[in-house]
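Examining the three-dimensional arrangement
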Amino acid sequence: MRTGLAVLALATIASACGQGDSSEVTPAGGQQALKEPPARALDAYADRLRAAHAARVAAAKRWGLKRVPLTAPPPPAKKPEIATRDGFEVDGHRRLGLPPVFTTVPTEEKILFLTIDDGDEKDPAFLRMMSELKIPYSAFLSDYLVKEDYGYFKEMRDRGAGLHNHTLHHPYLPALSYARQKREICGMQATIEERYGKRPTLFRPPYGNYDRNTLRAAKACGVTHVPLWNEEVFVDHWEYREWDRGLHPGDIVLSHFRGREDWKGTMPDMIRRFLNKATAEGYAVARLEDYL
């Protein structure tokens, strides 16, 4: 319905803007002539839509998906207000203005946000798959793994992925002092800025564990949001935070950079499982950074 309205609107604009131009495009049977150049622009737009859809269909088939992934709607003009999830607060959370800790982005749209942690597996096929399918995702990186191949994640960034903070060495943060937590978080901020040109504003604590000092340190290092997750996807199964064991609009989904050494499959196998379920249940994948 939306597509039909868009085409109708474009046709109306083309007709109105073309008044006074005597050149016409020969119409298909039963259609009225559209004037140039708006008609050419409309045809070109339609051609681009058809080409993009054909490429997406071909990519879905090439990567063994059951269905073509759905396309996410445009992000909202006004970003939603992100608040800390009930029960995830620390003492003085609001008074100290600490970054919100959340597992879901408030939205009524059937969208999910894919996030991938650490940086251990560096599979070129994964980069090709995500680019060809045009699936957005956010990577939360730990330097002790990323430093093995900084170039891999530069290519990931160049292909549109967001690169964010998962500490230097992936420690259990609540066991550390404030000063050591700050070194872990600020150190990774500096590394990402140095290597990839932009200081991140998103941070995910290792294992999802944090305390008041973690959030104080994160804020001091320039972090504005602490996204956790509501579901985790593996090669062979899903795990859920909620009792209903289902997907919900705006849920953040976690996975990891892992391969056959840790899983019974590859990164593309994990993405295939993720997309097959998401698409079957009517969900598209959106870019988390567009909503924060």
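What counts and how
Residues numbered from 1 in each chain as written. Predicted model: local features only at pLDDT ≥ 70, side-chain atom pairs only at ≥ 80, totals over all residues. Heavy atoms only, no water. Helix = DSSP H or I, 4+ residues; strand = E, 2+ residues; numbered from the N terminus. Expected span 1.5 Å × (residues − 1). Buried < 20%, exposed > 50% of the residue type's maximum accessible area, 1.4 Å probe, protein only. 1 Å grid on protein atoms, 1.4 Å probe; cavity = no way out; pocket = protein on both sides within 12 Å on 5 of 7 lines; lining within 4 Å. Points joined across faces, edges and corners; volume = space filled by probe spheres on them. Axes fitted to C-alpha atoms, helices over the stretch in contact; angles between N-to-C directions. Parallel < 35°, antiparallel > 145°, perpendicular 65-115°, else oblique. Contact = heavy atoms within 4.5 Å. Nonpolar A, V, L, I, M, F, W, Y, C, P; charged D, E, K, R; others polar.

Remarks on helix α8 (residues 267–280)
- When the terminal C-alpha atoms of α8 are compared, their 20 Å separation across 14 residues agrees well with the 20 Å that a helix rising 1.5 Å per residue should span.
- Residues M267, P268, M270, I271, F274, L275, N276, A278 and T279 constitute the buried set of α8.
- Backbone geometry just downstream of α8 places G282 in the positive-phi region, at approximately 85°.

Things to note about the layout of surface pockets
- Counted as a void, the second largest pocket has a volume near 320 Å³.
- Lining the second largest pocket are 17 residues, and of these G162, L163, H164, K198 and E289 sit closest to its centre.
- At the level of elements, β6 (162–165) and α6 (178–196) are the ones that each hand at least two residues to the lining of the second largest pocket.
- In terms of residues, the lining of the second largest pocket owes the most to one element, β6, which gives three residues.

Quick word on the packing of helix α3 (residues 124–133) against helix α5 (residues 150–158)
- In contact at an axis separation of 11 Å, α3 and α5 are set at 5° when each is read in the N-to-C sense. One element, α3, and the other, α5, form an angle in the roughly parallel class. Contact residues: P124, F126 and L127 in α3; Y152, E155 and M156 in α5.
- Considered class by class, the residues forming the contact of α3 with α5 number five nonpolar, no polar and one charged.

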